Amino acid sequence: MNCQNFVFSNTNIKACPPQLNSEKPILVYVSGKRSFSIDYKNNCFLKDGKPFQYISGSIHYSRIPQYYWKDRLLKMYMTGLNAVQVYVPWNFHEAVQGVHNFTGDRDLEHFLDLANQTGLLVILRPGPYICAEWEMGGLPAWLLQKPNIILRSADTDYLQAVNNWLAVLLSKMKRWLYVNGGNIITVQVENEYGSYFSCDYNYMRHLQTLFRFFLGEDAVLFTTDGNTDREMTCGTLQGLYATVDFGTDTNITEAFNRQRRFEPRGPLVNSEFYTGWLDHWGDQHAVVDTQKVSRVLGEMLTMGANVNMYMFEGGTNFGYWNGADHDTRFRSVVTSYDYDAPLTEAGDPTEKLLAIRDVISQFREVPSGPLPPATPKFAYGFVTMKKVGNISDLLSTLSPLGPVKSKYPLTFEEMKQYYGYMLYRTMLPRDLSEPTPLISPLNGVHDRAYVSINGVFQGLLERDTALVMKVTGQQGDTVDILVENMGRVNFGSKINDYKGLLSNLILGKDILTDWKIYPLDIDGAIASGWPHSNSQKSVRSPQRNPPPGPTFYMATLQTNSLTWDTFLKLNEWTKGQVWINGVNLGRYWPARGPQQTLYIPGPLLSATQPNNITVLELEGAPAHLRVLFMDRPQLNITAGKS
């Protein structure tokens with residue numbers, strides 16, 4: 001069909017009309033010249049010389065176990081999507097500088113291959129910065145070893161690291177470009193750069209040169225920015241196709257008119273159409289109305305716009321991978337990235353998905369047949385935990401190399417421990433017969449500090465919200481401060497987010513000095529089988545009331561040959577971290593909410609062996625010490641402000 005000028009709502013926005021009953025995406029390599037390009041004359045994408053409109057959904061392989069990738073992609077394809085949009089988190093693949101990991105759950109090329117086999121094209125977003133509510137926006141924390149580095153700019157140290165990373169990543173991606181026989185149709189350069197303070201065009205030009213060098217002149221490169229003039233001004237660059245993102249409460253015509261001011265010709269593109277939203281701890285659970293999503297999606301497709309739905313499945317911030325925001329204060333993102341998306345955190349179809357499928361069926365042929373069913377869930381019931389020990393008593397196991405001595409505190413980055421927890425130890429400099437204020441005068445606790453004296457929990461300090469607490473004790477008493485990194489800021493000007501004790505703590509009139517700083521390899525110890533492997537000597541006799549403060553607990557779960565997805569609820573527990581069979585499920589904080597359950601993918605469980613459960617409770621466990629395995633999530637209960 002020929003592409004004509006198309007007028008919508010009495011505006012002068014021009015776009016390619018949608019193709020009815022368009023052909024299914026190519027599954028395998030075909031003979032002849034493959035091409036994907038922009039037709040500026042007719043305001044369309046061209047695929048193999050024919051007008052093409054994509055209907056895409058975002059899916060993050062880093063938030064979904066590899067075992068379930070095919071299931072999720074098939075559900076997206078059966079909904080009627082012809083493309084998926086994929087972020088590549090740099091820190092997920094290069095957690096240690098110079099050491100690259102593309103295996104297992106990090107096997108990006110396997111994910112691309114599965115998408116290709118399923119019939120889905122790919123919109124690739126390789127960063128180097130991705131936002132995504134992901135730890136530090138995907139940037140590796142080892143960049144912060146350069147104390148004055150200016151991230152996302154033409155800073156020499158930053159660019160050198162970016163050059164090295166993109167040389168590895170983009171070299172792998174080139175063969176997956178559609179024009180080279182793969183399924184990547186477009187590639188984003190940076191991500192929403194217009195929302196960052198630096199507005200450094202030299203940086204964007206440098207990235208453009210790198211992408212062209214590794215991907216070639218035929219690759220379709222684009223930018224994505226928020227729907228404001230300032231963001232579009234700083235985020236766009238000649239030679240990179242400018243797209244916009246917006247949700248259901250935006251005036252579509254105004255948004256696409258803004259894109260047209262920066263990109264007068266070519267296809268209309270909403271690169272992030274928000275089907276839901278994220279949650280921070282303490283928020284109300286975010287919900288976006290299904291009818292709004294389907295109505296606005298239909299209006300954009302009627303205009304001939306290309307739309308990517310963010311998210312289509314959110315998944316889970318396993319381990320320490322959640323990000324954080326910092327506007328008026330630091331706000332950490334919850335473990336669940338359910339996002340109120342068309343597919344749930346566990347990959348189950350929702351009413352929102354069915355409504356979207358109905359809309360898509362009006363514009364292209366949706367694959368026939370039923371949607372793949374939800375993965376089976378099982379409520380394994382209650383398990384009673386047993387105390388292993390206070391974290392201060394377990395340092396020989398958790399910090400086998402021992403402490404680093406320093407007069408003043410060192411940060412996580414200076415210690416080269418980038419995630420999780422560190423313990424800072426010193427002694428009381430004098431007798432404190434009266435409660436004496438322990439102060440973080442420069443708001444230097446990043447992000448939460450759990451304070452004990454002689455092993456007795458005293459209370460906590462928290463970034464931006466709790467800068468003072470009071471303690472008592474005798475001169476020479478041991479002061480232990482366990483500091484939790486709750487995820488680095490992933491958006492805005494504060495992404496240089498150092499962790500630990502960033503400045504001195506003051507006790508009364510004294511500056512605390514002469515620290516022993518213990519890096520804690522909790523994940524390494526648990527992955528090696530602790531505490532279950534030496535449970536005879538680890539487990540203490542049960543106490544009527546569990547002591548407050550950072551304490552480990554353990555138990556096992558027998559699944560009776562059934563390894564289905566399940567959800568772990570820690571009712572009346574306060575805040576902490578959970579591991580199943582050595583895998584870090586992420587943080588729980590039911591005392592603050594809204595998330596009350598942690599998603600456990602069935603493939604993590606053993607049908608024949610006891611499943612090892614390890615809990616680090618940071619504040620206080622309930623007397624019953626029970627945890628509950630349920631067959632459904634609870635993501636929407638906002639409790640108090642513990």
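Residues numbered from 1 in each chain as written. Predicted model: local features only at pLDDT ≥ 70, side-chain atom pairs only at ≥ 80, totals over all residues. Heavy atoms only, no water.

## Things to note about the sheet that holds strand β14 (residues 381–384)
Pairing within the open sheet is antiparallel, and its four strands lie in the order β14-β34-β29-β32. Of all strands in the sheet, those bounded by a partner on one side alone are β14 and β32 (597–600). On average, adjacent strands in this sheet sit at an angle of 30° to one another, irrespective of strand direction. Taken together, the four bridges between strand β29 (residues 566–569) and β32 define a ladder with antiparallel strand orientation. For Leu568, the partnering residue across the bridge sits in β32 and is Leu598. (Pairing = 2+ DSSP bridges. Helix = DSSP H or I, 4+ residues; strand = E, 2+ residues; numbered from the N terminus. Axes fitted to C-alpha atoms, helices over the stretch in contact; angles between N-to-C directions.)

## Focus on the state of the cysteines
This structure, assessed with the given rule, holds one disulfide. Note that Cys199 is cross-linked by a disulfide to Cys234, the S-S spacing being 2.0 Å. For the disulfide bridge between Cys199 and Cys234, the dihedral angle about the S-S bond is near -90°, and by the sign convention the bridge is left-handed. Highlighted residues: Cys199 in the loop between β7 (184–188) and α5 (201–215) and Cys234 in helix α6 (residues 229–235), separated in sequence by 35 residues. Here Cys131 is not disulfide-linked; the sulfur of Cys234 is the nearest cysteine sulfur, at 17 Å. Under the relative-accessibility criterion, Cys131 is labelled buried at 6%. (Disulfide = S-S within 2.5 Å. Buried < 20%, exposed > 50% of the residue type's maximum accessible area, 1.4 Å probe, protein only.)

## Some thoughts on the environment of His100
Residue position: His100 is located in the loop between α2 (90–93) and α3 (108–118). Its relative accessible area of 33% is what places His100 among the partly exposed residues. Taking C-alpha positions, His100 is 40 Å from Thr250, a pair spaced 150 residues apart along the chain. For His100, the contacting residues outside a window of four places in its chain are His93, Glu94, Trp165 and Val168. At 3.4 Å, the side chain of His100 and the side chain of Glu94 are in polar contact. (Contact = heavy atoms within 4.5 Å. Polar contact = N/O pair within 3.5 Å; in protein donor to acceptor, adjacent residues only side chain to side chain.)

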